[in-house]
Amino acid sequence: MLEQKHITIIKSLIPLLEQTGAALTDHFYNRMFKHNPELKHVFNMSHQASGTQKAALFEAIAAYAKNIESVEILQSAVERIAQKHTSFNVQPEMYDIVGHHLTETLRELTGELFTAEVEEAWTCAYQFLASIFIKREGDLYQQRVSTKGGWQGTRQFTVKAKINESELVTSFVFEPADGQPVIDFNVGQYLGVEVNPVDHPYTEIRQYSLSDKPNGKTYRISVKREAQGVPGVVSNYLHDQLNVGDSINLHAPAGDFFFTDKQTPIVLISAGVGVTPMQAMLAKLAEDEYQHDVYYLHACQNKAQHSFKQATLSLTEKHNWQTHTWYQEEVNSEAQTYQGKMNIADIALPFGNANFYLCGPVGFMQFAKTQLLEHGVANERIHYEVFGPHAHF
């Protein structure tokens, strides 16, 4: 049980945690993977190589320590992480492993400062937080298993179609090998994809946004080919080696970013492959014959990298919705098409009452959000998705 004395000790550790910083997470991951190498098949090793996962872990630890008296402040972060964990099929026993290595990391890095009282406080604090995640993740697993078409862990699917959407993006349509229905999802959520690339030492799990509305029979994701190397190992595998008729293991849809009907105008803002969840939202809005105005804003490098261009125009023209496009590298004479960075001020948008959905590189979303705030958009009407470890902006 977490007591006030534990809270006091944890808060006193904040300066030490901040001072230790990256050394703490480096030591932790090196230690954990040395003693529990099986977890390399669960953790994203590309993020390990880039350092983004290590940074995310440190930020999470620091945020928890600072808000330990009011964990409800972290509710949105807990939900985001719990959703992501379910797409890796994280189980309660994994929290024991992580907790053990975090404790031993602190002991080994802080030496005599890690007294029996500090260890007790740290252990209680960790177990308290772990119990929150285990409870929420258990609820999510149960909810999916008990819903028509749902499952936990992996389920075998077959590639039904493989479609080039642009110079860099390819769509994959998956149908279940057992021929049974698939669980519905909220447009904006992602699918966990588990693969074993040839000549690659680990099982790799990635999350890709679902790029079409639910139909109860199949799923579609749309994947950008990343540069060759560790960060692009899965995207290149999918592009080069996964073909129609092949089998693949998928985890059930998850994610805390999705469209919520608040009966307001909707503005969908994306850049690059951030277009994928917006396609699902747009298709769903069209299917539901949404009765409010919809605006679709997209930015990409050039026309060759503009994914879903014709599909977007078809839906927006049919429903008399607006679409606006920015190309970074080229001048284009088409209507509602601009050159350079997205300038939201160029468009007459309903800033006073619309809900805004953002997806794309973090720098782009920071840029777009700043513009929206400058136009008086309330923070709670700005919703966003970050690919990879969560980042705040």
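Structure: see above.
Just so you know, these numbers come straight off a predicted model, no measurement behind them. (Residues numbered from 1 in each chain as written. Predicted model: local features only at pLDDT ≥ 70, side-chain atom pairs only at ≥ 80, totals over all residues. Heavy atoms only, no water.)

What follows concerns the nonpolar core. Counting residues in each nonpolar core, the largest one holds 43 residues, and the members touching the most others are Phe174, Tyr219, Ile221, Leu238 and Ile248. For this core, the element with the most residues is helix α10 (residues 275-287), which contributes seven residues. Once you skip the residues sitting within four places of it in the chain, Phe174 turns out to touch Phe157, Thr158, Val159, Leu191, Lys217, Thr218, Tyr219, Ile221, Leu242, Ile248 and Leu250. The next biggest cluster of nonpolar side chains, apart from the first, holds 40 residues, and it includes Ile7, Phe28, Leu102 and Val118. (Core = buried A, V, L, I, M, F, W, Y, C linked by side-chain atoms within 4.5 Å. Buried < 20%, exposed > 50% of the residue type's maximum accessible area, 1.4 Å probe, protein only. Helix = DSSP H or I, 4+ residues; strand = E, 2+ residues; numbered from the N terminus. Contact = heavy atoms within 4.5 Å.)

A few words on the pattern of salt bridges. Tallied over the entire structure, the rule returns 18 salt bridges. Glu3 serves as the salt-bridge partner of Lys5, at 4.0 Å between the closest nitrogen and oxygen. Among the residues examined, Lys5 registers a relative accessible area of 47% and is labelled partly exposed. Here Arg80 makes a salt bridge to Asp256, at a shortest N to O gap of 3.5 Å. Pair noted here: Arg80 is in helix α6 (residues 75-86) and Asp256 is in the loop between β6 (247-254) and β7 (266-271), with a separation of 176 residues, a long-range link. Overlapping salt bridges, with partners in common, bring together Glu3, Lys5 and Glu120 in one network. (Salt bridge = Lys/Arg side-chain N within 4 Å of Asp/Glu carboxyl O.)

What follows covers the packing of α6 against helix α8 (residues 116-145). Relative orientation of the contacting elements α6 and α8 amounts to 55°, with a least axis distance of 9 Å. As the angle between them shows, α6 and α8 are arranged oblique. For the crossing formed where α6 meets α8, the hand is right-handed. Residues Val78, Glu79, Ile81, Ala82, Gln83, His85 and Thr86 of α6 form the contact with α8, whose own contacting residues are Ile132, Phe133, Arg136, Glu137, Leu140, Tyr141 and Arg144. Tallied by class, the residues present in the contact of α6 with α8 amount to seven nonpolar, three polar and four charged. (Axes fitted to C-alpha atoms, helices over the stretch in contact; angles between N-to-C directions. Parallel < 35°, antiparallel > 145°, perpendicular 65-115°, else oblique. Left-handed = near helix turned anticlockwise from the far one by under 90°. Nonpolar A, V, L, I, M, F, W, Y, C, P; charged D, E, K, R; others polar.)

We now examine the packing of aromatic side chains. The way to describe two aromatic rings as a pair is by their centre distance and the angle between their planes. Tallying each qualifying case throughout the model produces 15 aromatic pairs. Ring geometry for Phe259 against Tyr290: centres 5.9 Å apart, planes inclined by 85°, an arrangement best described as edge-to-face. Taken as a pair, Phe259 in the loop between β6 and β7 and Tyr290 in the loop between α10 and β8 (294-300) lie far apart in primary sequence, 31 residues in all. Judged by its relative accessible area of 15%, Phe259 is buried. Members of the aromatic cluster, each reached through a chain of ring pairs, are Phe28, Tyr29, Phe33 and Phe43. Lys84 extends its terminal NZ or CZ atom over the ring of Tyr190, reaching a point 5.9 Å from the ring centre. Sitting above the plane of the Phe367 ring, Lys341 keeps its charged end 5.8 Å from the centroid. (Phe/Tyr/Trp six-rings, centres within 6.5 Å; stacked < 30°, edge-to-face > 60°. Lys NZ or Arg CZ within 6 Å of the ring centre and 35° of its normal.)

What follows is about the sheet that holds β6. Within a beta sheet, neighbouring strands are joined by backbone hydrogen bonds and run either parallel or antiparallel to one another. On the basis of which strands lie adjacent, the open sheet formed by six strands has the order β4-β3-β6-β1-β2-β5 and antiparallel pairing. Looking at strand neighbours, the two that pair on one side only are β4 (204-209) and β5 (219-224), the edges of this open sheet. Here the average twist between neighbouring strands, direction ignored, is 40°. Bridge analysis of strand β1 (residues 155-164) against β6 gives four bridges, and the strand direction is antiparallel. By the bridge assignment, Gln156 is partnered in β6 with Asn249. Sheet strands touched by helix α9 (residues 233-241): β1, β2 (169-176), β3 (190-195), β4, β5 and β6. Its angle to β4, the strand with the most contacts, is close to 75°. (Pairing = 2+ DSSP bridges.)

On to the sheet that holds strand β10 (residues 337-339), then. Judged by pairing direction, the sheet is parallel, and its six strands sit side by side in the order β10-β9-β8-β7-β11-β12 without closing on themselves. The sheet terminates laterally at β10 and β12 (382-385), the two strands that pair on one side only. The sheet shows a mean angle of 15° between the axes of neighbouring strands, taken without regard to direction. As paired strands, β7 and strand β11 (residues 355-359) are joined by five bridges and run parallel to one another. Its bridge partner being in β11, Ile266 is matched across the sheet by Asn355. Each of β7, β8, β11 and β12 touches helix α12 (residues 362-374); the most contacted strand, β11, lies at about 160° to it.

Assignment of secondary structure puts Thr105 in helix α7 (residues 92-110). Every residue in contact with Thr105, bar those within four places of it in the chain, is listed here: Leu24, His27, Phe28 and Arg31.

Now for α9. Side chains that are three or four residues apart share a direction in an α-helix, a result of its 3.6 residues per turn. Of all nine residues in α9, seven are buried; the element is thus mostly enclosed. Those residues of α9 lying buried are Val233, Val234, Ser235, Asn236, Tyr237, Leu238 and His239.

When you line up the elements, Tyr64 lands in helix α5 (residues 52-66). Among the residues examined, Tyr64 registers a relative accessible area of 8% and is labelled buried. Each C-alpha atom, one on Tyr64 and one on Leu74, is 7.7 Å from the other, the two residues being ten residues apart in sequence. Non-local contacts of Tyr64, meaning those with residues more than four positions away in its chain, are made with Leu2, Val71, Leu74, Ala125, Phe128 and Leu129. Reaching out from Tyr64, the side chain makes a polar contact with the backbone oxygen of Ala125 at a distance of 2.7 Å. (Polar contact = N/O pair within 3.5 Å; in protein donor to acceptor, adjacent residues only side chain to side chain.)

A few words now on the pairing of β8. Here β8 lies mainly inside the structure; seven of its seven residues are buried. Along β8, one buried face is formed by Val294, Tyr296, His298 and Cys300 and the opposite face, lined by Tyr295, Leu297 and Ala299, is buried too. When β7 meets β8, the two strands line up parallel, connected through six bridges. What sits directly across from Ile269, in β8, is Leu297. For the segment spanning β7, α10 and β8, crossover handedness is right-handed. Across six bridges, the pairing between β8 and strand β9 (residues 322-327) is parallel. Bridging across to β9, His298 finds its partner in Thr325. (Right-handed = clockwise from strand over helix to strand, strands pointing away.)

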